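Residue strings, one per chain:
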Amino acid sequence: MNEMKKENGKKDITDSNKIFEKLLKISLIFGIIIVSGFIVYYVLTPEPGYVTFGILNEDQRAEEFTTEASINETITFYLSVGNYLDREFAFRFQILKGNNNTLVGPFPSNGSLFLTIGNFTLEPNVERFYGEYNISFSEAGSNQRIIIELWEIKDKSEVFYNNLFLWVNIIN
């Protein structure tokens, strides 16, 4: 009787192992198919394009910006735009001035317009520097803002694209 139980136990374990092996094989095949699908999707799906937009200091470098200036002292900066879209990118800049109450963020600013620059078109995979710009403030104050907005020109209309800003303390 004990031998029969041992044989039935071994048979149950053997059957369980066979079922487990089948489930494991099916799971592995299913996993390989899913991972292969993700790899194919990643390879065949192109990365989305993008536009770079930058402010450079008076030495045309993206570092050590002026953070303090006197009243009516000229603050110099340069702008750069890179087009890594699969199409031409037409745009213009707006330079605005603001104070510590001026709202800045991922939306058009409520600063006062200082200068509107250009209608530029940039070919794909090209990066350019756009001019030397000078701005000054006539009143002292902390956290005065220089805001540069990038507007995309699409079919005779303009769409806000992005903005960058510098904070400057203006002293007497």
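That block above? That's the structure.
Definitions and cut-offs
Residues numbered from 1 in each chain as written. Predicted model: local features only at pLDDT ≥ 70, side-chain atom pairs only at ≥ 80, totals over all residues. Heavy atoms only, no water. Helix = DSSP H or I, 4+ residues; strand = E, 2+ residues; numbered from the N terminus. Buried < 20%, exposed > 50% of the residue type's maximum accessible area, 1.4 Å probe, protein only. Pairing = 2+ DSSP bridges. Axes fitted to C-alpha atoms, helices over the stretch in contact; angles between N-to-C directions. Core = buried A, V, L, I, M, F, W, Y, C linked by side-chain atoms within 4.5 Å. Contact = heavy atoms within 4.5 Å.

*Asks:* Would you explain unusual backbone geometry in this entry?
*Replies:* Peptide bonds are, in most cases, trans, and in most cases residues other than glycine have a negative phi. The backbone of Asn143 shows a phi angle near 55 degrees, a positive value even though the residue is not glycine. When you line up the elements, Asn143 lands in strand β7 (residues 141–154). Look at Asn143 and you get partly exposed, because its relative accessible area is 30%. Even without glycine at this site, Asp155 takes up a positive phi of about 45 degrees. Note on Asp155: relative accessible area 78%, which makes it exposed.

*Asks:* What is the right way to read the sheet that holds β7 from this model?
*Replies:* Pairing between the strands of a sheet is mediated by backbone hydrogen bonds and can be parallel or antiparallel. Taken in spatial order, the five strands make up an open sheet running β2-β8-β7-β4-β5, and their pairing is mixed. Two strands lie at the open edges of the sheet, namely β2 (68–70) and β5 (112–122), each paired on one side alone. Pairwise comparison of adjacent strand axes, ignoring direction, gives a mean angle of 30 degrees for this sheet. Relative to β5, strand β4 (residues 89–98) runs antiparallel, the two sharing eight bridges. If you follow Gln94 over to β5, its bridge partner there is Thr116.

*Asks:* Just to check I follow, could you spell out the sheet that holds strand β6 (residues 126–135) for this structure?
*Replies:* Taken together, three strands build an open sheet; the order of strands is β1-β3-β6 and the sheet is antiparallel. The open sheet is flanked by β1 (50–56) and β6, the only strands paired with a single partner. Recorded for the sheet is a direction-independent mean angle of 15 degrees between the axes of neighbouring strands. Pairing between β1 and strand β3 (residues 75–84): seven bridges, direction antiparallel. In the strand pairing of β3, Thr52 is matched with Gly82.

*Asks:* How do you make sense of the nonpolar core when you look at a structure like this?
*Replies:* Across soluble globular proteins, you tend to see nonpolar side chains buried next to one another. Among the nonpolar cores identified, the biggest contains 25 residues, and Phe77, Val81, Phe93, Ile146 and Ile148 are the most heavily contacted of them. When residues of this core are traced back to their parent elements, those giving at least two are β1, β3, β4, β5, β6, β7 and β8 (157–171). Those residues in contact with Phe77 that lie beyond four places of it in its chain are Ile55, Leu56, Ile95, Gly131, Glu132, Tyr133, Ile135, Ile146 and Ile148.

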